[in-house]
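The primary structure of each chain is shown beneath.
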Amino acid sequence: VQLQASGGGLVQAGGSLRLSCVASGSIFSHAIMGWYRQAPGKQRELVARVFSDGSTVYAASVKGRFTISRDNARNTVYLQMDSLKSEDTADYYCNAHRTLGFTADYWGRGTLVTVSS
């Protein structure tokens, strides 16, 4: 499984960005897809997850501002980020958590989001 994330960039506080992550392989529709982020000097943290049934989980810090969604036909997961804050600045990573047959985690390369205040 390979994950290719895109959509990061520089944005002013209060602005919006949309991240995309395309997954290769056949597990996408069964996998829990997620976005994580890691700021300089900090541990990687969960931002949001979307389950195969479309249900979602968000970190408290982004709830109400970020929206995760998935398109199983396109093997793609999105993260719409609105009302961005400087503390949202981080490398954002796409994750696929496989639960079918055996458990495994797959990671894409990070895409950098920089929010200027």
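The structure reproduced in this document is the subject of the present report. From a predicted model like this one, the values you see are computed outputs, not experimental measurements.

## Structural notes on the overall build of the protein
- In terms of helices and strands, the protein carries zero helices and 11 strands.
- Each helix and strand of the protein, ordered N terminal to C terminal, gives the series β-β-β-β-β-β-β-β-β-β-β.
- Taken over the C-alpha trace, the protein has a radius of gyration of 14 Å; the compact-globule value for 117 residues is 13 Å, and the two agree within 12%.
- Across the protein, contacts joining residues at least 24 apart in sequence account for 53% of those joining residues at least 6 apart.
- Across the protein, the centroid of the 12 positively charged side chains sits 2 Å from that of the 8 negatively charged ones.

## Focus: the state of the cysteines
- The full count for this structure, using the stated rule, is one disulfide.
- Through a disulfide, cysteine 21 is tied to cysteine 94; the S-S separation comes to 2.1 Å. Classification of the bridge connecting cysteine 21 and cysteine 94 rests on its S-S torsion, roughly -85°, and on that basis the disulfide is left-handed. With cysteine 21 in strand S3 (residues 17–23) and cysteine 94 in strand S9 (residues 90–98), the pair connects residues that are 73 residues apart, well separated along the chain. Per residue, the accessibility class of cysteine 21 equals that of cysteine 94, and both read buried.

## Some details on the pairing of S9
- For S9, the tally of buried residues reaches eight of nine residues, placing the bulk of the element in the interior.
- The sheet contact formed by strand S4 (residues 32–38) and S9 spans seven bridges and is antiparallel. Note that in S9 the partner of tyrosine 36 across the bridge is tyrosine 93.
- Where S9 lies against strand S11 (residues 111–116), three bridges are found, and the strand directions are antiparallel. In the strand pairing of S11, aspartate 91 is matched with leucine 112.
- Alignment of S9 against strand S10 (residues 104–107), held across four bridges, turns out to be antiparallel. For arginine 98, the partnering residue across the bridge sits in S10 and is alanine 104.

## Description of unusual backbone geometry
- You will see that asparagine 75, though not glycine, has its phi angle at about 50°, which is positive.
- With respect to the secondary-structure elements, asparagine 75 resides in the loop between strand S7 (66–71) and strand S8 (76–81).
- Although it is not a glycine, serine 83 adopts a positive phi angle of roughly 50°.
- Mapping serine 83 onto the fold places it in the loop between S8 and S9.
- What makes serine 83 partly exposed here is its relative accessible area of 40%.

## Comments concerning the side chain of aspartate 88
- Among the structural elements, aspartate 88 can be located in the loop between S8 and S9.
- Using a relative accessible area of 0% as the deciding quantity, one classes aspartate 88 as buried.
- Not counting the four nearest positions on each side in its chain, aspartate 88 is found in contact with Arg37, Arg65, Phe66, Ser83, Val113 and Val115.

Parameters and conventions
Residues numbered from 1 in each chain as written. Predicted model: local features only at pLDDT ≥ 70, side-chain atom pairs only at ≥ 80, totals over all residues. Heavy atoms only, no water. Helix = DSSP H or I, 4+ residues; strand = E, 2+ residues; numbered from the N terminus. Rg over C-alpha atoms; globule rule 2.2 N^0.38 Å. Contact = heavy atoms within 4.5 Å. Lys, Arg positive; Asp, Glu negative; His and termini not counted. Charge placed at Lys NZ, Arg CZ, Asp CG, Glu CD. Disulfide = S-S within 2.5 Å. Buried < 20%, exposed > 50% of the residue type's maximum accessible area, 1.4 Å probe, protein only. Pairing = 2+ DSSP bridges.

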